[in-house]
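# Summary of structural features
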Amino acid sequence: PEQDGSHFLDRDGELFGMVLDFVRNGPGQFKCPEGEVEVAQLLQEAKILAVSALVRYLRPEEAPPEVEASGSANGPKEYLGAPKPQNEAERVSRLRSLNILESPHESRFDSITRIVAALLDVPICLISLVAEDFQWFKSKQGLEADRTPRNT
């Protein structure tokens, strides 16, 4: 939550709806707001949510540089997982201190993943907790596995 206790969806559901519309349908079917103030607000929301394609669509000069796909003529490189943060030991220690890894599933989290999967119209939605060498799913929709290796 934000400092005032709100969650990001509370800021402006209409802006989130526009971002979601862009992500779902792409720029070809996207209806951009007409006013400069509305465009600036949508641009800010796109930056907060890290939807660089929408930032690039609205203001190409403000978009982050595109990252080229990794790989070679022989095919894509093996995925080694996301880089570990500098505070990895502290992060894992804090996670373990919560005693939540591999705890029973809770309906309140399952409600969240069901709602998000429906809102975003996606087949898989997870609440995952990442330990040293695996990720464990506190809640899951559309996936049978309870955990996977960290580098997947």
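An account of the accompanying structure is given in this report. Within each chain, residues carry numbers counting from 1 in the order of the written sequence. The predicted nature of this model means local features are confined to residues of pLDDT at least 70 and side-chain atom pairs, given and counted, to a pLDDT of 80 or more, with totals for whole chains, interfaces and linings taken over all residues. Computation of side-chain values: all heavy atoms of the structure, hydrogens and water removed.

### Things to note about the packing of helix 2 (residues 13–25) against helix 6 (residues 107–120)
- At a minimum axis distance of 10 Å, the contact between helix 2 and helix 6 shows a crossing angle of 65°. Here helix 2 contributes Phe16, Leu20 and Arg24 to the contact with helix 6, which in turn contributes Ala118, Leu119 and Leu120.
- A per-class count over the contact of helix 2 with helix 6 returns five nonpolar, no polar and one charged. Note on method: axes are straight lines fitted to C-alpha atoms, helices fitted across the in-contact stretch only, with angles between N-to-C directions ranging 0 to 180 degrees. Strands here are runs of E lasting at least two residues and helices are runs of H or I lasting at least four, both read from the DSSP assignment and numbered beginning at the N terminus. Every residue pair with non-hydrogen atoms within 4.5 Å of one another is taken to be in contact. Side-chain classes are defined by residue name, with Ala, Val, Leu, Ile, Met, Phe, Trp, Tyr, Cys and Pro counting as nonpolar, Asp, Glu, Lys and Arg as charged, and the others, Gly among them, as polar.

### Quick word on the sheet that holds strand 2 (residues 134–141)
- Read across the open sheet, the three strands follow the order 1-2-3; overall the sheet is antiparallel. Either end of the sheet is taken by a strand with one partner, and the two such strands are strand 1 (125–130) and strand 3 (147–149). When strand polarity is set aside, the average angle formed by the axes of neighbouring strands in this sheet is 30°.
- Think of it this way: DSSP has to see at least two bridges between two strands before they count as a pair. Pairing of strand 1 with strand 2 involves six bridges; the strand directions are antiparallel. When the sheet's bridge partners are listed, Leu126 is paired in strand 2 with Lys140.
- Across the sheet, helix 6 is in contact with strand 1 and strand 2; its angle to strand 2 comes to roughly 75°.

### Describing unusual backbone geometry
- Positive phi is not limited to glycine here, since Asn99 has a value of about 50°.
- Examined against the element boundaries, Asn99 turns out to sit in the loop between helix 5 (88–97) and helix 6.
- A positive phi angle, near 60°, is found at Glu102, a position not held by glycine.
- Examined against the element boundaries, Glu102 turns out to sit in the loop between helix 5 and helix 6.

### Some remarks on the nonpolar core
- Judged by nonpolar contacts, the single largest core of 13 residues is most densely connected at Phe30, Leu42, Leu54 and Leu58.
- Elements with a minimum of two residues in this core: helix 2, helix 3 (36–48) and helix 4 (52–58).
- Sequence-distant contacts of Phe30, defined by excluding residues within four places in its chain, comprise Met18, Asp21, Phe22, Leu42, Leu54 and Tyr57.
- Residues enter a nonpolar core if they are buried and are Ala, Val, Leu, Ile, Met, Phe, Trp, Tyr or Cys, with the set joined through side-chain atoms within 4.5 Å. When accessible area is computed with a 1.4 Å probe and restricted to protein chains, residues below 20% of their type maximum are described as buried, those above 50% as exposed, and intermediate ones as partly exposed. Formed by six residues, the second largest nonpolar core is a distinct cluster that contains Leu95, Leu101, Phe134 and Trp136.

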